[in-house]
Amino acid sequence: QVQVAESGGGLVQAGGSLRLSCTASGRSFSSLVMGWFRQAPGKEREFVACISRNGGNTYYADFVEGRFTISRDYAKKTLNLQMNSLKTEDTAVYYCGVRYDSRWPATEFSSWGRGTQVTVSS
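Predicted, not measured: the structure shown is a model, and the values here were computed from it.

**Q** Any chance you could explain the environment of Val64 here in plain terms?
**A** On the secondary structure map, Val64 appears in the loop between strand E6 (58-60) and strand E7 (68-73). Classification of Val64 as buried rests on a relative accessible area of 1%. Measuring from C-alpha to C-alpha, the distance between Val64 and Asn84 comes to 9.7 Å, with 20 residues separating the pair along the chain.

Right, here's the structure in full:
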């Protein structure tokens, strides 16, 4: 019973940084496992990262290679993804997702927002 909306995408040169945000509405933010996935044109969705309900545990896809950091702000009910050292292959629409069960790691999600476009140029 949570609705999310992504923001923060844009155009950046390779090696640059972006910070994505996901605002969540509803009473269950603190009880949800949340994360990010992405989808490039013509390709299937690809898991990026997830974070536990209390924020104490995180899990990343192999391609992240230490470049991204996922976090959540309980006061603002916001999920964030700090992306550094961006590569052209990171170009995709990034989606904020939620799960309503306790599966870990949460590499798939039950619902998500409309997404935000990230474009990395060479």
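**Q** In this structure, what is going on with the pairing of strand E3 (residues 18-25)? I would like to understand it.
**A** In summary, the side chains of a regular strand alternate between the two faces of the sheet. When strand E1 (residues 3-7) meets E3, the two strands line up antiparallel, connected through five bridges. Looking across to E3, one finds that Glu6 is bridged to Cys22. The pairing of E3 with strand E8 (residues 78-83) spans six bridges and is antiparallel. Within E8, the position partnered with Leu20 by the bridge is Leu81.

**Q** How should the nonpolar core be read in this particular structure?
**A** In a soluble, globular protein the nonpolar side chains are often hidden away together inside. If you look at the biggest cluster of nonpolar residues, it comprises 37 residues, and the most contacted ones within it are Met34, Trp36, Val48, Leu81, Met83 and Tyr94. Broken down by secondary-structure element, the contributors of at least two residues to this core are E3, strand E4 (33-39), strand E5 (46-51), E7, E8, strand E9 (92-99) and strand E11 (116-121).

**Q** How do you make sense of the side chain of Thr116 when you look at a structure like this?
**A** With respect to the helices and strands, the residue Thr116 is situated in strand E11. Within the structure, Thr116 has its side chain in polar contact with the backbone nitrogen of Gly9 (distance 3.0 Å).

**Q** Would you mind going over the state of the cysteines with me for this structure?
**A** Formally, a disulfide is one covalent bond, and it connects the sulfur atom of one cysteine to the sulfur atom of another. Enumeration according to the criterion identifies one disulfide in this entry. The disulfide that involves Cys22 links it to Cys96, with 2.1 Å between the sulfurs. The chirality of the disulfide connecting Cys22 with Cys96 is left-handed, given an S-S dihedral of about -70 degrees. Placement of Cys22 in strand E3 and of Cys96 in strand E9 is noted, with a sequence separation of 74 residues between them. Overall, the relative accessible area of 0% leaves Cys22 in the buried class. Taking the relative accessible area as the measure of exposure, Cys96 reaches 0% and is therefore buried.

Parameters at a glance
Residues numbered from 1 in each chain as written. Predicted model: local features only at pLDDT ≥ 70, side-chain atom pairs only at ≥ 80, totals over all residues. Heavy atoms only, no water. Helix = DSSP H or I, 4+ residues; strand = E, 2+ residues; numbered from the N terminus. Buried < 20%, exposed > 50% of the residue type's maximum accessible area, 1.4 Å probe, protein only. Pairing = 2+ DSSP bridges. Core = buried A, V, L, I, M, F, W, Y, C linked by side-chain atoms within 4.5 Å. Polar contact = N/O pair within 3.5 Å; in protein donor to acceptor, adjacent residues only side chain to side chain. Disulfide = S-S within 2.5 Å.

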